Structures are given as C-alpha cells and as structure tokens.
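# A look at the structure
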Amino acid sequence: KDVDSNFWETYKKVSTEYDDDFLARANDDMGIILTFAGLFSAVNSAFIIGMQPNPGDTTNTLLLHLILIMTGDQNAVRDISNLSSTTRFSSSTVWMQALGYASLASSVLAAFGAVLGKQW
C-alpha cells in the first residue's frame, strides 16, 4: 500500500469514530432538551391557567341580577347592558400573562427544534 491510501484509511476510521461520538452526544442532548421543554411547558401552562379570570364571577353577577328582577325588587337594575362581561386587568397582570405566553411559545419552539434534530 502506498502512503496516500494508508492516510485516507486512517482518516476515514478517525472521522467515523468522531462523527459517531458527536451524533450520540447530540442525540442525548436533544433528548434532555425535549424532557425539560416538556416539563417546563406543563408547569408554565398550569401557571397560565391559574392567572386566567374566573368566568363564574360574571355568571354569578348576571344570575343575581336576574333573580332580583324576577323577585320584583325595586332596586334591581333593569338594564344589564352596563355590566362588564370582561374583567379589567392591571398592567402588571397583562405583562405577567404576556411573559407566560412568550415563555410557553419559546419552550414549545425548543421542543420542536429538538424533535427536528432527533429525526434528522
């Protein structure tokens, strides 16, 4: 064998070992990213759900007004159009929800990237 063929055989052997080791480490890292992104998304979703307004409050207020109207209470409000069906949030609550949704989107995007990396 000449020197050139020996060099390329050695190069192929070393590069194959390096590539296999690199791919194994990258595959393990993607699995870890998927796990943590999934856990973070689950916990973050729980916090986002906890920050949502209680729709029962508006329903209870409307039912109370309907009961007052039906019982003939003179102090009952006949026009319920001025009742707010939406809850007003402070700016800090809006910022907290925006950050919660942004972090959820980021973790889902990271999980998507990890899935693409593992399937590649």
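This section reports on the structure supplied with the text. Worth saying up front: this structure is predicted, and the values here are computed from it rather than measured.

The rules behind these values
Residues numbered from 1 in each chain as written. Predicted model: local features only at pLDDT ≥ 70, side-chain atom pairs only at ≥ 80, totals over all residues. Heavy atoms only, no water. Helix = DSSP H or I, 4+ residues; strand = E, 2+ residues; numbered from the N terminus. Contact = heavy atoms within 4.5 Å. Areas by Shrake-Rupley, 256 points an atom, 1.4 Å probe, with all protein chains shown as cover. Expected span 1.5 Å × (residues − 1). Buried < 20%, exposed > 50% of the residue type's maximum accessible area, 1.4 Å probe, protein only. Patch = residues over 30% accessible without salt bridge, like charges linked within 9 Å, V, L, I, M, F, W, Y side chains within 5 Å. Salt bridge = Lys/Arg side-chain N within 4 Å of Asp/Glu carboxyl O. Phe/Tyr/Trp six-rings, centres within 6.5 Å; stacked < 30°, edge-to-face > 60°. Axes fitted to C-alpha atoms, helices over the stretch in contact; angles between N-to-C directions. Parallel < 35°, antiparallel > 145°, perpendicular 65-115°, else oblique. Left-handed = near helix turned anticlockwise from the far one by under 90°. Nonpolar A, V, L, I, M, F, W, Y, C, P; charged D, E, K, R; others polar.

It is worth spelling out the overall build of the protein at this point. Looking only at helices and strands, the protein has three helices and zero strands in total. In sequence order, the secondary structure elements of the protein are arranged as α-α-α. In the protein, once contacts between residues fewer than 6 apart in sequence are set aside, the share between residues at least 24 apart is 74%. Surface accessibility of the protein: about 9700 Å² in total, with carbon and sulfur atoms responsible for 66%.

With that out of the way, let us pick up helix H1 (residues 3–51). Note that an α-helix has 3.6 residues per turn; residues three or four places apart therefore point the same way. A rise of 1.5 Å per residue sets the reference length of H1, with its 49 residues, at 72 Å; its end C-alpha atoms lie 70 Å apart and thus fit the reference within 8%. Looking at H1, one finds that the buried residues are Ala37, Ser41, Asn44 and Ile48. As for H1, its buried residues are in contact with helix H3 (91–119).

There is a patch of nonpolar side chains on the surface, built from Phe7, Trp8 and Tyr11 and spanning about 390 Å² of accessible area. Among the structural elements, Trp8 can be located in helix H1.

With that out of the way, let us pick up the packing of aromatic side chains. One pass over the structure, following the stated rule, counts three aromatic pairs. Taking the centre distance of 5.0 Å and the plane angle of 75° together, the rings of Phe7 and Trp8 count as edge-to-face. For Trp8, a relative accessible area of 53% corresponds to the exposed category. On the numbers, 5.6 Å between centres and 85° between planes, the contact of Trp8 with Tyr11 is edge-to-face. Within this pair, Trp8 and its partner Tyr11 are both found in helix H1, separated by three residues, close to a single helical turn.

Our focus in this paragraph is helix H2 (residues 55–70). With 16 residues, H2 extends 23 Å between its outermost C-alpha atoms, agreeing within 8% with the 22 Å of an ideal straight helix rising 1.5 Å per residue. Of the residues one or two after H2, Gly72 is the one with positive phi, at around 80°.

Moving on to the packing of H1 against H3. Where H1 contacts H3, the two axes come as close as 8 Å, and the packing angle between them is 155°. With respect to their mutual orientation, H1 and H3 come out roughly antiparallel. In this structure, H1 meets H3 at a crossing whose hand is left-handed. Taken together, the residues of the contact of H1 with H3 sort by class into 15 nonpolar, nine polar and one charged.

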